[in-house]
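Each chain, written out:
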Amino acid sequence: MERKSISEIRREFSKTWEAYRADEAGTDGMEELFHRYEEDSRAGVAGLIAKYQKELIKLSKERERLDAMKAYERKYVSYGRICGIDEAGRGPLAGPVVAAAVILPADCEILYLNDSKQLSEKKREELYEEIMEKAAAVGVGMSSPARIDEINILQATYEAMRQAVSRLEPAPDLLLNDAVKIPGLSVPQVPIIKGDAKSVSIAAASIIAKVTRDRLMKEYDRLMPEYGFASHKGYGSAAHIQAIRTYGPSPIHRRSFLTHFLPEEETHE
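These numbers were taken from a predicted model, which means no experiment stands behind them.

Enquirer: Even after reading the chapter, I still don't get the overall build of the chain, so can you show me in this structure?
Expert: Across its full length, the chain holds eleven helices and five strands. Relative to the compact-globule value of 18 Å for 269 residues, the chain shows a C-alpha radius of gyration of 24 Å, a clear excess of over 25%. Going through the 269 residues of the chain one by one, you find that 46% of them count as buried. The contacts of the chain with a sequence gap of at least 6 include a subset with a gap of at least 24, amounting to 66%. With 39 positive and 43 negative side-chain charges, the chain shows a spacing of 2 Å between the two charge centroids.

Set out below in structure tokens:
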């Protein structure tokens, strides 16, 4: 019997690996492949076996990490629909503050889910799509720069969070919040310090909020390219501050945040 080519074996490994990674099969399929080809003397086959053995170890560690990030979800499982809440954009000089609320199904697995600040932009975009596909409910709220100037950034953040919660369907039974307790809500809340790194629900919300805001800032960049919003997303980089001094505040700048960079009369126009 003619033995398979390395390309055929590679496809076999790839197909079995994708089924395992998608949690559609246990490790038996991979172990069976290792056993089937362990006597194959070709370097390419040995390389495939070594590669996927390493991938199994890496994936096992990732699932252990995710399991640890479900500790709060397990602790409060009796509440039913558990919602994670987080925000993006409290610190920038321009653009809205964006809040997201996410309810994940209890059996949901989203590999590499983490605090949005720990992820590359490409990975956040990929995870955003997966969260939107798998979540039981997602709500997003925003407070504009003018609203931030009117009521201050903390109150504007709370307002955006209340909007996000109000847009959930179905409604949540419990909120897991990143560090804060949101006033004006009747739903039970659990503030968790650094919650975006400790809860899968909050991590998912942090990604939705961050990607939503970043996409919006890129749109503003197309309208006002002189400020460079696509690169710094409204944060106070040296180039951004220089642009403000050169062109003055734009309609999306938070004038209450600009007092250190502009004469007082320019921040109150």
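Enquirer: I would appreciate a short explanation of the pairing of strand β1 (residues 82-88) in the present structure.
Expert: When a strand is regular, its side chains alternate between the sheet's two faces. Across the seven residues that make up β1, a large majority, six, are buried. Across four bridges, the pairing between β1 and strand β4 (residues 174-178) is parallel. When the sheet's bridge partners are listed, Cys83 is paired in β4 with Leu175.

Enquirer: Explain the packing of helix α1 (residues 6-21) against helix α2 (residues 28-37) to me, please; I cannot follow it from the model alone.
Expert: Viewed as axis vectors pointing N to C, α1 and α2 meet at an angle of 160°, and their least axial separation amounts to 9 Å. By the angle between their axes, α1 is roughly antiparallel relative to α2. Every pair of crossing elements has a handedness; the one defined by α1 and α2 is left-handed. Contact residues: α1 offers Ile9, Glu12, Phe13, Thr16 and Trp17, while α2 offers Gly29, Met30, Leu33, Phe34, Arg36 and Tyr37. Taken together, the residues that form the contact of α1 with α2 break down as seven nonpolar, two polar and two charged.

Enquirer: Looking at this model, I keep getting lost on unusual backbone geometry. Mind explaining?
Expert: Among all residues except glycine, the phi angle is most often negative; among peptide bonds, the trans geometry is most common. Cis geometry is adopted by the peptide bond preceding Pro170, which originates at Glu169 and carries an omega value of 10°. Residue placement: Pro170 occurs in the loop between α7 (153-166) and β4. Positive phi, close to 85°, is recorded for Asn152, a residue that is not glycine. With respect to the helices, strands and loops of the structure, Asn152 is situated in the loop between α6 (145-151) and α7. Residue classification places Asn152 among the partly exposed positions, given a relative accessible area of 40%. Here the phi dihedral of Lys194 falls at roughly 55°; this positive angle occurs in a residue that is not glycine. Here Lys194 shows up in the loop between β5 (189-192) and α8 (200-223).

Enquirer: Just to check I follow, could you spell out the packing of α2 against helix α3 (residues 43-68) for this structure?
Expert: Helix packing for two helices is described by the angle between their axes and how far apart those axes are. Orientation of α2 relative to α3, taken along the N-to-C sense of each, is 155°, at an axis distance of 10 Å. Looking at the two axes, α2 sits roughly antiparallel to α3. For the pair α2 and α3, the sense of crossing is left-handed. Note on element contacts: α3 touches α2 through Val45, Ile49, Tyr52, Gln53 and Leu56, opposite Met30, Glu31, Phe34 and Tyr37. For the contact of α2 with α3, the per-class residue count stands at seven nonpolar, one polar and one charged.

Enquirer: Quick question: what am I supposed to make of the side chain of Asp86 here?
Expert: Mapped onto the secondary structure, Asp86 falls in strand β1. There is no salt bridge for the buried Asp86, and the closest opposite charge comes from Lys117, which lies 5.6 Å off by N-O distance. In this structure, Asp86 is in contact with Val98, Ala99, Ala100, Met161, Asp178, Asp196, Ile202, Ala205, Ser206 and Ala209, ignoring residues within four places of it in sequence.

Enquirer: Is there a simple way to think about the pattern of salt bridges in this case?
Expert: In the structure shown here, the tally under the stated rule is 22 salt bridges. When the shortest N-O distance is used, the salt bridge between Arg36 and Glu12 registers 2.1 Å. A residue pair is termed long-range when its members are at least 10 positions apart, and Arg36 in helix α2 and Glu12 in helix α1 qualify at 24 residues. Note on Glu12: relative accessible area 16%, which makes it buried. The network of salt bridges with common partners includes Lys4, Glu12, Glu32 and Arg36.

Enquirer: How should α7 be read in this particular structure?
Expert: Every α-helical turn comprises 3.6 residues, leaving residues that sit three or four positions apart pointing alike. For α7, built from 14 residues, the straight-helix expectation of 20 Å at 1.5 Å per residue is met to within 8% by its first-to-last C-alpha distance of 20 Å. Where α7 is concerned, the buried positions are Ile153, Ala156, Thr157, Tyr158, Glu159, Ala160, Met161, Ala164 and Val165. If you check the start of α7, you find a side-chain oxygen 3.0 Å away from the backbone N of Leu154, and it comes from Asn152.

Enquirer: I'm lost on the sheet that holds β4 in this one. Help?
Expert: Sheets are built from strands paired through backbone hydrogen bonds, the pairs being either parallel or antiparallel. Strand order in the open sheet formed by five strands is β3-β2-β1-β4-β5, with mixed pairing between adjacent strands. With partners counted over all chains shown, the strands left at the sheet margins are β3 (137-143) and β5, one partner each. Strand-to-strand twist of the sheet, defined as the mean angle between neighbouring strand axes without regard to direction, takes the value 20°. Sheet topology note: the β1/strand β2 (residues 97-103) ladder contains six bridges and is antiparallel. Each residue of the ladder has a partner; that of Glu87, found in β2, is Ala99. Its contacts with the sheet place α8 against β1, β2, β3, β4 and β5, and it is angled at close to 35° to β1.

About the thresholds
- Throughout this description, residue numbers start from 1 for each chain and increase along the sequence as written.
- Owing to the predicted nature of the model, reporting of local features is limited to residues with pLDDT of at least 70; listing and counting of side-chain atom pairs is limited to 80 or more, with chain, interface and lining totals taken over all residues.
- Hydrogens and waters are ignored; side-chain quantities use all the structure's heavy atoms.
- Working definition: helices are DSSP H or I runs of at least four residues, strands are E runs of at least two. Numbering for both runs from the N terminus.
- Our radius of gyration is a C-alpha quantity, and the globule rule it is checked against amounts to 2.2 Å times the number of residues to the power 0.38.
- Exposure classes here rest on a 1.4 Å probe applied to the protein chains alone. A residue is buried below 20% of its type maximum, exposed above 50%, and partly exposed in between.
- We call two residues in contact whenever any of their non-hydrogen atoms come within 4.5 Å of each other.
- Just so you know, the count uses Lys and Arg for positive and Asp and Glu for negative, and it drops His and the chain ends.
- To locate a charge, take NZ of a lysine, CZ of an arginine, CG of an aspartate or CD of a glutamate.
- Two strands form a pair only when DSSP identifies at least two bridges running between them.
- To get an axis, a line is fitted to the C-alpha atoms, and for a helix only the part in contact is used. The angle between two axes follows their N-to-C directions and goes from 0 to 180 degrees.
- We call two directions roughly parallel when the angle between them is under 35 degrees, roughly antiparallel when it is over 145, roughly perpendicular when it lies between 65 and 115, and oblique otherwise.
- Two helices cross in a left-handed way if the nearer one is turned anticlockwise from the farther one by less than a right angle. They cross in a right-handed way if the turn is clockwise.
- For this classification, the nonpolar set comprises Ala, Val, Leu, Ile, Met, Phe, Trp, Tyr, Cys and Pro, the charged set comprises Asp, Glu, Lys and Arg, and every other residue, Gly included, is treated as polar.
- By definition here, a salt bridge exists when the distance from a side-chain nitrogen of Lys or Arg to a carboxyl oxygen of Asp or Glu is within 4 Å.
- Multiplying one less than the number of residues by 1.5 Å gives the expected span of a helix.
- Polar contacts here mean pairs of N or O atoms no more than 3.5 Å apart (in protein, one a potential hydrogen donor and the other a potential acceptor; neighbouring residues in sequence count only if both atoms are side-chain atoms).

Just distances and angles here, no functional claims.
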